[in-house]
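Structure assessment
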2 protein chains.
Amino acid sequence: MNAKEVLLQHIIKIVPLSDEQIDYVFSHFKPMNFKKGQAVISEGDKVDYEYFVVSGCLKAFYINDEIKMHILQFAMPTWWTSDFCALYNNTRATINVDCITDAEVLCISNEDREKICREIHEVEHFFRWRTNRGYIASQKRLLSLMNNDAKTRYEELLAMYPQLYNLVPKHLIAAYLGVTRETLSRLYSAH
Amino acid sequence: MNAKEVLLQHIIKIVPLSDEQIDYVFSHFKPMNFKKGQAVISEGDKVDYEYFVVSGCLKAFYINDEIKMHILQFAMPTWWTSDFCALYNNTRATINVDCITDAEVLCISNEDREKICREIHEVEHFFRWRTNRGYIASQKRLLSLMNNDAKTRYEELLAMYPQLYNLVPKHLIAAYLGVTRETLSRLYSAH
DNA sequence: TGAAGAATGTGATGTACATCACGTAACGAT
DNA sequence: ATCGTTACGTGATGTACATCACATTCTTCA
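Small disclaimer: the values here were computed from a predicted structure and weren't measured. (Residues numbered from 1 in each chain as written. Chains lettered and ligands numbered in written order. Predicted model: local features only at pLDDT ≥ 70, side-chain atom pairs only at ≥ 80, totals over all residues. Heavy atoms only, no water.)

1. Overview of empty space enclosed by the protein
- All told, the structure shown has two cavities of 30 Å³ or more when counted by the stated rule.
- If you add up the space inside the largest cavity, you get close to 150 Å³.
- Surrounding the largest cavity, N132 and Y135 of chain A together with H10, Q73, T78, W79, W80, F84, R130, T131, R133 and G134 of chain B form its lining.
- Going through the elements one at a time, α5 (121-147) of chain A together with α5 (121-147) of chain B are the ones with two or more residues in the lining of the largest cavity.
- Class assignment for the residues of the lining of the largest cavity results in four nonpolar, six polar and two charged.
- In this model, the second largest cavity occupies a volume close to 30 Å³.
- Every residue lining the second largest cavity is listed: A60, L72, Q73, T81, S82, F84 and I95 of chain A together with Y135 and Q139 of chain B.
- Broken down by secondary-structure element, the contributors of at least two residues to the lining of the second largest cavity are β5 (68-75) of chain A together with α5 of chain B.
- Its residues assigned to classes, the lining of the second largest cavity shows five nonpolar, four polar and no charged. (1 Å grid on protein atoms, 1.4 Å probe; cavity = no way out; pocket = protein on both sides within 12 Å on 5 of 7 lines; lining within 4 Å. Points joined across faces, edges and corners; volume = space filled by probe spheres on them. Helix = DSSP H or I, 4+ residues; strand = E, 2+ residues; numbered from the N terminus. Nonpolar A, V, L, I, M, F, W, Y, C, P; charged D, E, K, R; others polar.)

Pasting the structure below:
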């Protein structure tokens with residue numbers, strides 16, 4: 001399945017679009033390829049785009065005191081990522097995005113997203129649906145972080161995304177869970 | 001300012017609406033009044049509505065093991081609250097919502113929201129904007145929870161919402177920050 | 001292919017916070 | 001006014017996790 005098919009399958013599952021609309025929407029996306037380890041957004045950058053993952057795996061993360069990293073999101077195929085705060089408020093990036101594996105993405109600028117949302121009601125509906133899902137997922141993660149200990153969160157994560165176990169180095173999983181790599185290592189060696 | 005004015009000022013700051021549209025949109029909201037302590041949504045309920053706060057203060061919270069409470073959100077005037085997960089997925093509530101003070105709200109059903117979003121493109125845009133803001137706030141809180149200790153989070157919260165200090169009992173602030181009331185008490189007596 | 005860096009494991013120790021226990025003060029209903 | 005309930009403070013102790021230190025294995029690439 002090529003990039004166009006992946007994106008549009010994802011969209012038309014939510015909203016019906018005519019063939020011309022499909023082509024028109026797709027014409028606002030720009031395909032990009034990144035190598036493993038390559039940066040997509042770096043702290044301090046101007047943020048103009050959001051990214052739809054076609055293949056590969058990205059991470060959105062925050063660096064505290066130039067030392068500690070916390071991962072906001074792993075972005076797998078059909079997920080969207082960016083520094084949404086900087087993108088929507090037109091401020092500089094405080095979040096970094098880079099590639100855990102080689103990745104193929106489709107990017108769309110803030111202006112173009114707003115343009116096609118304005119022009120096609122169904123597209124606006126799609127983006128509302130998408131943000132809504134992200135919001136609900138984020139609230140769930142907040143609760144999990146407050147309610148559960150690290151071991152429970154680790155098991156939750158692997159139950160939800162089993163692919164991560166082999167795809168992503170353990171210290172990144174630790175940075176997502178909000179513990180150190182040492183603690184994570186002890187968690188599963190304890191069982 | 002009456003309930004209608006509060007709601008519509010809030011909306012037209014984001015999207016322009018004609019006078020007829022304003023009346024039409026408002027006709028889908030139902031005014032409700034709650035007393036301090038009264039429940040709006042209880043765990044296990046069917047969730048049909050979301051709530052726009054006109055005056056007063058609500059909280060959305062989760063109860064763990066029938067013992068520990070964690071607060072997802074304080075809902076102040078012009079904020080929206082509900083169990084969005086249950087509302088959008090049409091499942092039973094896992095989250096509770098109740099009133100910290102007497103409160104005046106406007107509620108709208110899931111069907112009516114989707115209906116006016118379908119009928120009026122600007123309204124769909126408004127709800128996308130609103131959810132987007134919630135999503136960004138939620139991501140910020142996630143990062144703060146992972147990066148900062150309880151004292152820093154306490155200061156952040158009071159800097160952002162100084163009204164909370166006098167309005168909300170301290171044990172609820174603790175439940176929002178994700179610490180026990182004892183720890184919170186020690187945090188500010190230490191300074 | 002071999003050397004450097006990245007990822008991982010594991011012990012010793014430190015610390016932020018939870019838990020338990022008990023006290024006092026403020027509030028709300030009869 | 002008073003009695004029960006809720007809010008709040010504070011000490012003693014326990015615990016999950018961080019930090020530091022060092023060893024081992026796995027990757028990458030010149």
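2. Remarks on the sheet that holds strand β2 (residues 39-41) of chain B
- Pairing in this open sheet of four strands is antiparallel, and the strands run β2-β7-β4-β5 (chain B) from one edge to the other. At either end of the open sheet lies a strand with only one pairing partner, and these are β2 and β5 (68-75) of chain B. Across the sheet, the axes of successive neighbouring strands diverge by a mean angle of 30°, strand direction being ignored.
- Packing of α5 of chain A onto the sheet brings it into contact with β4 (58-64) and β5 of chain B, and relative to β5 of chain B it is tilted by some 145°. (Pairing = 2+ DSSP bridges. Axes fitted to C-alpha atoms, helices over the stretch in contact; angles between N-to-C directions. Contact = heavy atoms within 4.5 Å.)

3. Examining the state of the cysteines
All names here are of chain B.
- Per the counting criterion, the structure on display carries zero disulfides over all chains.
- Summary of cysteine pairing: C85 is not part of a disulfide, and the nearest cysteine sulfur, belonging to C117, is at 19 Å.
- The thiol sulfur of C99 is not disulfide-bonded, and the nearest other cysteine sulfur, from C57, lies at 9.1 Å. (Disulfide = S-S within 2.5 Å.)

4. Things to note about the interface of chain B and chain A
- The partner chain A presents 36 residues to the 36 residues of chain B that form the contact.
- Our count for the chain B to chain A interface comes out at four salt bridges.
- With its nearest N and O atoms 2.9 Å apart, the salt bridge here joins R128 of chain B to E114 of chain A.
- If you look at where chain B meets chain A, you find 17 residue pairs in polar contact (both at pLDDT 80 or more).
- Elements supplying a minimum of two residues to the side of chain B that touches chain A: β4, β5, α3 (84-89), α4 (110-119), α5 and α8 (170-177) of chain B.
- A total of 19 residues in the side of chain B that touches chain A trace back to one element, the largest contributor, which is α5 of chain B.
- Here the residues of the side of chain B that touches chain A are counted per class, giving 18 nonpolar, eleven polar and seven charged. (Salt bridge = Lys/Arg side-chain N within 4 Å of Asp/Glu carboxyl O. Polar contact = N/O pair within 3.5 Å; in protein donor to acceptor, adjacent residues only side chain to side chain.)

5. Details of the protein's contact with DNA strand C
- DNA strand C sits among 18 residues. The nearest are K170, R186 and Y188 of chain A together with A150 and T183 of chain B.
- Sugar plus phosphate, as a fraction of atoms of DNA strand C within 4 Å of the protein: 58%.
- One nitrogen or oxygen atom from the side chain of R186 of chain A is found 2.9 Å from a base nitrogen belonging to DNA strand C.
- Within the contact set of DNA strand C, a phosphate oxygen lies 2.4 Å away from a side-chain nitrogen or oxygen of T183 of chain B. (Near = heavy atom within 4 Å.)

6. With respect to the domain arrangement of chain A
Residues and elements named next belong to chain A.
- Along its sequence, chain A is organised into domain 1 (3-147) and domain 2 (149-191).
- Of the residues lining the interface, 16 residues belong to domain 1; the matching set on domain 2 comes to 15 residues.
- Carbon and sulfur atoms supply 71% of the area that domain 1 and domain 2 bury against each other, a total of about 1200 Å² over both sides.
- Of all residues in domain 1, the largest losses of buried area upon contact with domain 2 belong to F74, M76 and S144, amounting jointly to 38% of the total for that side. (Domains from an automatic or database assignment. Buried area = accessible area lost by both parts, 1.4 Å probe.)

7. Quick word on the relation of the copies chain B and chain A
- Of the transformation placing chain B onto chain A, the axial shift is 0.0 Å and the rotation is 180°, giving an RMSD of 0.0 Å. One copy is carried onto the other by what is essentially a two-fold rotation axis.
- Most of the interface of chain B is mirrored in chain A, where 100% of its interface residues are also at the interface. (Least-squares fit on C-alpha atoms with pLDDT ≥ 70 in both.)

8. Details of the UniProt feature "domain: Cyclic nucleotide-binding" (unreviewed entry) in chain A
- Summarizing the sequence annotation, UniProt attributes the feature "domain: Cyclic nucleotide-binding" (unreviewed entry) to residues 17-116 of chain A in the numbering used throughout.
- Overall, residues 17-116 of chain A shows 21% helix and 43% strand. The separation of its end C-alpha atoms is 13 Å. (UniProt positions renumbered as here; feature names shortened; annotations may be inferred.)

9. Brief notes about the protein's contact with DNA strand D
- If you check the shell around DNA strand D, you find 19 residues, and the closest are T183 of chain A together with K170, R181, R186 and Y188 of chain B.
- Sugar and phosphate atoms represent 56% of those atoms of DNA strand D found within 4 Å of the protein.
- One nitrogen or oxygen atom from the side chain of R186 of chain A is found 3.0 Å from a base oxygen belonging to DNA strand D.
- Between DNA strand D and H171 of chain B, the relevant distance is 3.3 Å, taken from a phosphate oxygen to a main-chain nitrogen or oxygen of the residue.
- Elements with a contribution of two residues or more to the surface near DNA strand D: α9 (181-189) of chain A together with α8 and α9 (181-189) of chain B.
- Among the residues making up the surface near DNA strand D, the classes are represented as four nonpolar, six polar and nine charged.

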